Amino acid sequence: MTDWQTVVADAVRRLRRNGLAGGATALLILAVAPPTAGAHGFTGPLAWGLLLAFCLVPLALSVHLLFDAALFRLAASHDGETTGLAAIDDVLARMGLRARGSVSATLRERLQGCRRLLWLQRIALLIAIALYFVLLLDGMEGGGA
């Protein structure tokens, strides 16, 4: 296995792990929030809508990260970095996600893009967890009255 294939294999592992963990966390929040957090008080409708939005964003980003992991796995199956990245571009062009003949990004640029997606997912999950705690605290206050 060459150096670039090792880097890609590590990226695939990280992307899959973070994609699955982020998606599972968002689903867990969506599953646990309704029975444990109350819908009483002022925060109810606004916070529930925001909680739904900030749980759907990490789910969408998880799908994107898992798709990127599959694309990088495809690239690692080729002998050279150039042919591997060209294979990614070809798949994206066939799916209509990228125009044919557009400038191909380097491996480093692609991995930086994935890192940005990971940070967006983490930020959205942190906001979702904070909103869940707001709903939980509101439910405790509303349930006791």
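The preceding data block contains the structure.
A brief report on the enclosed structure follows. (Residues numbered from 1 in each chain as written. Predicted model: local features only at pLDDT ≥ 70, side-chain atom pairs only at ≥ 80, totals over all residues. Heavy atoms only, no water.)

### Comments concerning the overall build of the protein chain
Then comes step 1: In terms of helices and strands, the protein chain carries four helices and zero strands.
Then comes step 2: Moving toward the C terminus, one meets the helices and strands of the protein chain in the order α-α-α-α.
Then comes step 3: Its C-alpha atoms give the protein chain a radius of gyration of 20 Å, clearly above 15 Å, the size a compact globule of 145 residues would have.
Then comes step 4: Based on the C-alpha atoms only, the size of the protein chain along its principal axes is roughly 65 × 30 × 20 Å.
Then comes step 5: Looking at the protein chain as a whole, 37% of its 145 residues are labelled buried.
Then comes step 6: Put simply, 76% of the contacts in the protein chain that link residues at least 6 apart link residues at least 24 apart.
Then comes step 7: Accessible surface, the protein chain: about 8,600 Å² in total, of which carbon and sulfur atoms supply 67%.
Then comes step 8: Across the protein chain, the mean location of the 13 positive side-chain charges is 3 Å away from that of the 10 negative side-chain charges. (Helix = DSSP H or I, 4+ residues; strand = E, 2+ residues; numbered from the N terminus. Rg over C-alpha atoms; globule rule 2.2 N^0.38 Å. Buried < 20%, exposed > 50% of the residue type's maximum accessible area, 1.4 Å probe, protein only. Contact = heavy atoms within 4.5 Å. Areas by Shrake-Rupley, 256 points an atom, 1.4 Å probe, with all protein chains shown as cover. Lys, Arg positive; Asp, Glu negative; His and termini not counted. Charge placed at Lys NZ, Arg CZ, Asp CG, Glu CD.)

### So, the pattern of salt bridges
Then comes step 1: Within the structure shown, the criterion is met by five salt bridges.
Then comes step 2: The closest approach of N and O atoms between R98 and D89, which form a salt bridge, is 2.5 Å.
Then comes step 3: When its relative accessible area of 27% is taken as the criterion, R98 is described as partly exposed.
Then comes step 4: Between R94 and D90 there is a salt bridge, with the nearest N and O atoms lying 2.9 Å from each other. One end of the pair, R94, and the other, D90, are both in helix α3 (residues 81-94), four residues apart, so they sit about a helical turn from each other.
Then comes step 5: According to the relative accessible area criterion, R94 is exposed, its value standing at 65%.
Then comes step 6: Residues joined by salt bridges that share partners form a network here, namely D89, R98 and R110. (Salt bridge = Lys/Arg side-chain N within 4 Å of Asp/Glu carboxyl O.)

### Some thoughts on the environment of C55
Then comes step 1: By the element assignment, C55 lies in helix α2 (residues 43-76).
Then comes step 2: Along the backbone, C55 and A128 are 73 residues apart, and their C-alpha atoms lie at a distance of 6.1 Å.
Then comes step 3: Here C55 is in contact with A26, I29, L30 and A128, once residues within four sequence places are set aside.

### Focus: the environment of L126
Then comes step 1: Structurally, the position occupied by L126 is in helix α4 (residues 107-144).
Then comes step 2: It is 8.9 Å that separates the C-alpha atoms of L126 and F54, two residues lying 72 residues apart in sequence.

### Regarding the side chain of N18
Then comes step 1: Looking at the secondary structure, you find N18 in helix α1 (residues 3-36).
Then comes step 2: On the accessibility criterion, N18 (16% relative accessible area) is buried.
Then comes step 3: Apart from residues no more than four positions distant in its own chain, N18 is found in contact with L118, Q121 and R122.

### Overview of α3
Then comes step 1: For α3, spanning 14 residues, the distance from its first C-alpha to its last is 20 Å, which sits close to the expected 20 Å at 1.5 Å a residue.
Then comes step 2: The positive-phi residue at the C-terminal boundary of α3 is G96, with phi of around 80 degrees. (Expected span 1.5 Å × (residues − 1).)

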